[in-house]
Amino acid sequence: QVQLVESGGGLVQPGGSLRLSCAASGSIYRIHTMGWYRQAPGKERELVADITSGGNTNYVDSVKGRFTISRDNVKNTVYLQMNSLKPEDTAVYYCKVVQTSDFAITYWGKGTLVTVSS
């Protein structure tokens, strides 16, 4: 079982910055993809950004140029640097990790709340 511990959420002002961290621990064989999803009240959970073990990244259009995802494979940690935050970025952000061996297993964090408000 893989445990994901998220940190870095909180209240920030519009235009501010925040960095989310997600550390994976436990029975890890190989982490293929790490990423961040978010869900605002009344909306579907959506992919924000993810990154493969090879370093390929993917972002939702609304955060391109503002958010940067990165990972530390030694620490099994994924980061999301969020700049120029907007009120519409307010959501619960969830870490997602896909572990692979002969098959893929997906793990989700409990979520960390990001509130962008003045």
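Q: Would you mind going over the packing of aromatic side chains with me for this structure?
A: Aromatic ring pairs are described here by two measures, namely the spacing of the ring centres and the angle between the planes. In total, this model carries one aromatic pair according to the counting rule given. On the basis of an interplanar angle of 70° and a centroid distance of 5.0 Å, the ring pair of Y37 and W108 is categorised as edge-to-face. Note that Y37 is positioned in strand β4 (residues 31-39) and W108 in strand β10 (residues 104-108), a separation of 71 residues in sequence. Using a relative accessible area of 38% as the deciding quantity, one classes W108 as partly exposed. R45 extends its terminal NZ or CZ atom over the ring of Y94, reaching a point 3.8 Å from the ring centre. In this structure, R45 packs its charged tip against the face of W108, placed 4.9 Å from the ring centre.

Q: Looking at this model, I keep getting lost on the pattern of salt bridges. Mind explaining?
A: Any two side chains of opposite charge can pair, on the condition that their charged atoms come close. With the rule as written, the count across this model stands at four salt bridges. A salt bridge links D61 to K64, with the nearest nitrogen and oxygen atoms 2.9 Å apart. Given a relative accessible area of 61%, D61 falls into the exposed group. A salt bridge links R66 to D89; the shortest N-O distance between them is 2.8 Å. With R66 in the loop between β6 (57-59) and β7 (67-72) and D89 in the loop between β8 (77-82) and β9 (91-100), the pair connects residues that are 23 residues apart, well separated along the chain. Neither R66 nor D89 differs from the other in exposure class; each is buried. Among the charged side chains, a network of salt bridges with common partners joins R38, E46, R66 and D89.

Analysis parameters
As a convention, each chain's residues are numbered from 1 in the sequence order in which they are written. Residues qualify for local features only when their pLDDT is at least 70, as the model is predicted, and side-chain atom pairs are given and counted only at 80 or more; totals for whole chains, interfaces and linings, by contrast, use all residues. Hydrogens and water molecules were not included; the side-chain quantities draw on all heavy atoms of the structure. When the centres of two rings from Phe, Tyr and Trp lie within 6.5 Å, Trp using its six-membered ring, the rings pair. Their planes under 30 degrees apart give stacked, over 60 give edge-to-face, and anything left gives tilted. Each helix is a run of DSSP H or I of at least 4 residues and each strand a run of E of at least 2, with the numbering of both proceeding from the N terminus. Here's how the labels work: a residue is buried when its accessible area is under 20% of the maximum for its type, exposed when over 50%, partly exposed in between, all with a 1.4 Å probe on protein chains only. Throughout this description, the term charge over a ring refers to an Arg CZ or Lys NZ atom that lies within 6 Å of the ring centre and within 35 degrees of the ring normal. Criterion for a salt bridge: a side-chain nitrogen of Lys or Arg within 4 Å of a carboxyl oxygen of Asp or Glu.

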